[in-house]
Amino acid sequence: QVQLVESGGGLVQAGGSLRLSCAASGSIFRINAMGWYRQAPGKQRELVAGISSGGNTNYADSVKGRFTISRDNAKNTVYLQMNSLKPEDTAVYYCEIFGRTKDGGWSDYWGQGTQVTVSS
């Protein structure tokens, strides 16, 4: 079993900052790409930021220059630093990893989601 535990969500005023963390544990053996997605009420889930095993990053246009994704491979953890938050950033944020267990194939694994609410 692979578990992804997210933390760091909450309520913040516009212009504020939050840092999300997502740690993978259990039988995870190797991780390739890691990413953060979000889903606002009535909208589809969208990619916010991704980071490859080599550290290459990509961002949604709406968060470029404000959000930074990073990873700690020793801790199997991915982070999302969110600055200059806007009300439109309000959503449930999910982490996702593409990884494998020792005796399994490569699969996508998802966190349980953490609520981020930005007040105006």
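Residues numbered from 1 in each chain as written. Predicted model: local features only at pLDDT ≥ 70, side-chain atom pairs only at ≥ 80, totals over all residues. Heavy atoms only, no water.

(A) Spatial organisation of the pattern of salt bridges. For the structure on display, the rule yields 4 salt bridges. Linking Arg38 and Glu46 is a salt bridge whose minimum nitrogen-to-oxygen distance equals 2.7 Å. We note a salt bridge from Lys64 to Asp61, for which the minimum N-O separation is 3.1 Å. Through salt bridges with shared partners, a single network forms among Arg38, Glu46, Arg66 and Asp89. (Salt bridge = Lys/Arg side-chain N within 4 Å of Asp/Glu carboxyl O.)

(B) Looking closely at the environment of Val118. Residue position: Val118 is located in strand β11 (residues 114-119). For the pair Val118 and Asp89, spaced 29 residues apart in sequence, the C-alpha separation works out to 6.7 Å. Every residue in contact with Val118, bar those within four places of it in the chain, is listed here: Val12, Gln13, Ala14, Leu85, Lys86, Pro87, Asp89 and Thr90. (Helix = DSSP H or I, 4+ residues; strand = E, 2+ residues; numbered from the N terminus. Contact = heavy atoms within 4.5 Å.)

(C) Summary view of the nonpolar core. Ranked by size, the top nonpolar core spans 30 residues in total, and within it Trp36, Leu80, Met82 and Tyr93 carry the most contacts. Contributions of two or more residues to this core are made by β1 (2-7), β3 (18-26), β4 (28-39), β5 (46-51), β7 (67-72), β8 (77-82), β9 (91-101) and β11. Those residues in contact with Leu80 that sit more than four places away from it in its chain are Leu18, Arg19, Leu20, Trp36, Val48, Ala49, Phe67, Thr68, Ile69 and Tyr93. (Core = buried A, V, L, I, M, F, W, Y, C linked by side-chain atoms within 4.5 Å. Buried < 20%, exposed > 50% of the residue type's maximum accessible area, 1.4 Å probe, protein only.)

(D) Structural view of the environment of Arg30. Secondary-structure assignment places Arg30 in strand β4. Sequence separation of Arg30 and Gln112 is 82 residues, and the distance between their C-alpha atoms is 20 Å. Once residues lying within four places of it in the same chain are set aside, the contact partners of Arg30 are Gly99, Arg100 and Trp106.

(E) Region of the structure containing the environment of Ala23. Tracing the backbone through its elements, the reader meets Ala23 in strand β3. Overall, the relative accessible area of 31% leaves Ala23 in the partly exposed class. For the pair Ala23 and Val5, spaced 18 residues apart in the sequence, the C-alpha separation amounts to 5.4 Å.

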